[in-house]
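# Results of the structural survey
These are the residues of each chain, in order.
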Amino acid sequence: MKENEAQTIRLLPWEGQGGKPCYVFGDGNGYVSRLADGIESVQLGMADDLLGHAADLLADRKATWPELHFLASRLTESLRDVRRVAESRGARMAAPRQHPDQL
């Protein structure tokens, strides 16, 4: 790592054992950070697709209870993922960047 690179703690877009949050410490350019970027992108894309599906299903007056229940379950999962992405990105924006000498 170069002397002028800042270090941050990043909340990762997946959970650890027992649903505990996972973090990575680094400059945001390492393998785990790049993997997290890719997973966040997939999660956000899936959320967008799910919103379109939800609009279609809710517009269908013939939607069944099991279909609506399944939709609500997937929306809940997606919202949890999107909230974690927002928390992670918000924390990184708000956190002062630290020089390695300050750690």
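Our subject is the structure listed above.
Residues numbered from 1 in each chain as written. Predicted model: local features only at pLDDT ≥ 70, side-chain atom pairs only at ≥ 80, totals over all residues. Heavy atoms only, no water.

## Some details on the overall build of the protein
On a plain count of helices and strands, the protein comes out with two helices and two strands. When the helices and strands of the protein are read in sequence order from the N terminus, they spell out β-β-α-α. Split into buried and exposed, the 103 residues of the protein put 23% on the buried side. Of the contacts formed within the protein by residues at least 6 apart in sequence, a portion of 52% connects residues at least 24 apart. Per element, the accessible surface of the protein, about 7500 Å² overall, is 58% carbon and sulfur. (Helix = DSSP H or I, 4+ residues; strand = E, 2+ residues; numbered from the N terminus. Buried < 20%, exposed > 50% of the residue type's maximum accessible area, 1.4 Å probe, protein only. Contact = heavy atoms within 4.5 Å. Areas by Shrake-Rupley, 256 points an atom, 1.4 Å probe, with all protein chains shown as cover.)

## Brief notes about the pairing of strand 2 (residues 21-26)
Across the two faces of strand 2 the burial differs, with Cys22, Val24 and Gly26 buried and Pro21, Tyr23 and Phe25 not buried at all. From the end of strand 1 (residues 8-15) to the start of strand 2, which pair antiparallel, there are five residues, and Gly18 there has a positive phi angle of about 70°. (Pairing = 2+ DSSP bridges.)

## Looking at the pattern of salt bridges
Taken as a whole and assessed by the stated rule, the structure comprises eight salt bridges. Between Glu40 and Arg89 there is a salt bridge, with its nearest N and O atoms 3.1 Å apart. Of this pair, Glu40 sits in helix 1 (residues 31-59) while Arg89 sits in helix 2 (residues 65-94); the two residues are 49 residues apart in sequence, bridging distant segments of the chain. Under the relative-accessibility criterion, Glu40 is labelled buried at 1%. (Salt bridge = Lys/Arg side-chain N within 4 Å of Asp/Glu carboxyl O.)

## Examining helix 1
The end-to-end C-alpha distance of helix 1 is 42 Å, a good match for the 42 Å that 29 residues give at a rise of 1.5 Å each. Of all the residues in helix 1, the buried ones are Ser33, Ala36, Glu40, Gln43, Ala47, Leu50, Ala54 and Leu57. (Expected span 1.5 Å × (residues − 1).)

## Some thoughts on the nonpolar core
One broad trend across soluble globular proteins is that nonpolar side chains are buried collectively. Judged by nonpolar contacts, Leu50, Ala54, Leu57, Ala63 and Leu71 together constitute the single largest core of five residues. Top contributing element to this core by residue count: helix 1, with three residues. The contacts of Ala54, once residues within four sequence positions are left out, are Leu71 and Leu75. (Core = buried A, V, L, I, M, F, W, Y, C linked by side-chain atoms within 4.5 Å.)

## Observations concerning the packing of aromatic side chains
Scanning the entire structure with this criterion turns up zero aromatic pairs. Here the guanidinium or amino end of Arg74 rests over the ring plane of Phe70, the centre of that ring lying 4.5 Å away. (Phe/Tyr/Trp six-rings, centres within 6.5 Å; stacked < 30°, edge-to-face > 60°. Lys NZ or Arg CZ within 6 Å of the ring centre and 35° of its normal.)

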